[in-house]
Amino acid sequence: MSHDALPIAWHVTMRLRVDRLIARMACEYRLASRIILKLGGRCGLLAHRVVDTHIHALVGPSREQAGRFALHVESSLQQSLGFGQPFEPARFTPIVDLLRIPPIVIVSIAGS
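Summary of the structure given here.

Rules and cut-offs
Residues numbered from 1 in each chain as written. Predicted model: local features only at pLDDT ≥ 70, side-chain atom pairs only at ≥ 80, totals over all residues. Heavy atoms only, no water. Helix = DSSP H or I, 4+ residues; strand = E, 2+ residues; numbered from the N terminus. Buried < 20%, exposed > 50% of the residue type's maximum accessible area, 1.4 Å probe, protein only. Contact = heavy atoms within 4.5 Å. Areas by Shrake-Rupley, 256 points an atom, 1.4 Å probe, with all protein chains shown as cover. Core = buried A, V, L, I, M, F, W, Y, C linked by side-chain atoms within 4.5 Å. Pairing = 2+ DSSP bridges. Axes fitted to C-alpha atoms, helices over the stretch in contact; angles between N-to-C directions. Phe/Tyr/Trp six-rings, centres within 6.5 Å; stacked < 30°, edge-to-face > 60°.

### Describing the overall build of the protein chain
Turning to step 1, where the next piece is worked out: Along its length, the protein chain carries 3 helices and 4 strands.
Turning to step 2, where the next piece is worked out: Ordered by position from N to C terminus, the α and β elements of the protein chain give β-α-β-β-α-β-α.
Turning to step 3, where the next piece is worked out: Looking at the protein chain as a whole, 41% of its 112 residues are labelled buried.
Turning to step 4, where the next piece is worked out: When contacts within the protein chain are restricted to residue pairs at least 6 apart in sequence, those whose partners lie at least 24 apart make up 74%.
Turning to step 5, where the next piece is worked out: Put simply, the protein chain shows about 6,400 Å² of open surface, and 58% of that area lies on carbon and sulfur atoms.

### Notes on the nonpolar core
Turning to step 1, where the next piece is worked out: One finds Val 12, Met 14, Phe 69 and Leu 77 to be the most contacted residues of the largest nonpolar core, which totals 23 residues.
Turning to step 2, where the next piece is worked out: Elements supplying a minimum of two residues to this core: β1 (9-15), α1 (26-40), β2 (45-51), β3 (54-59) and α2 (63-81).
Turning to step 3, where the next piece is worked out: Of the residues forming this core, the biggest block, 6 residues, is contributed by α2.
Turning to step 4, where the next piece is worked out: Membership of the second largest hydrophobic core comes to 5 residues, among which are Ala 9, Ala 47, Leu 58 and Ile 101.

### Quick word on the sheet that holds strand β4 (residues 91-95)
Strand pairing in a sheet relies on backbone hydrogen bonds, with the paired strands running either antiparallel or parallel.
Turning to step 1, where the next piece is worked out: Reading across the sheet, the 4 strands line up as β2-β3-β1-β4 and stay open at both edges, with antiparallel pairing between neighbours. Edge positions in the sheet fall to β2 and β4, since each has one partner strand and no second. Shown here is a sheet whose adjacent strand axes are inclined to one another by a mean of 15°, direction ignored.
Turning to step 2, where the next piece is worked out: In this structure, β2 lies alongside β3, joined through 6 bridges in antiparallel fashion. From the neighbouring strand, Arg 49 faces β3, where its bridge partner is His 56.
Turning to step 3, where the next piece is worked out: Taken strand by strand, α1 contacts β2 and β3, and its axis lies near 160° from that of β2.

### Some words on the packing of aromatic side chains
Turning to step 1, where the next piece is worked out: Inspection of the entire model under this criterion finds 1 aromatic pair.
Turning to step 2, where the next piece is worked out: Ring centres of Phe 83 and Phe 87 lie 5.7 Å apart, and the angle between their planes is 80°; on these two criteria the pair is classed as edge-to-face.
Turning to step 3, where the next piece is worked out: Given a relative accessible area of 8%, Phe 87 falls into the buried group.

Remember, this is a structural readout, not a statement about activity or role.
In structure tokens:
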């Protein structure tokens, strides 16, 4: 595999600046998921998973789309779930082949 390969997607990780749960109840998980799905449809969302204190998403193919996705999701979740704390800067990891998709995202794809 070439080190210059273009990403086929981006693994985006979003976490609040304070260590707290993204969702505490099933209805909050469902709301967060609906927000992610709605906004992700505009930005190339392939899969996502809300996991306790953070969110994993597979977005692609461009870094610009992934950044726009993270910005909109964080803003919408802040408004809808009222965290009272900002998100730390989202982390973006390029996915250059299917073997490098993080296991948590694979579970999300399989479970959908």
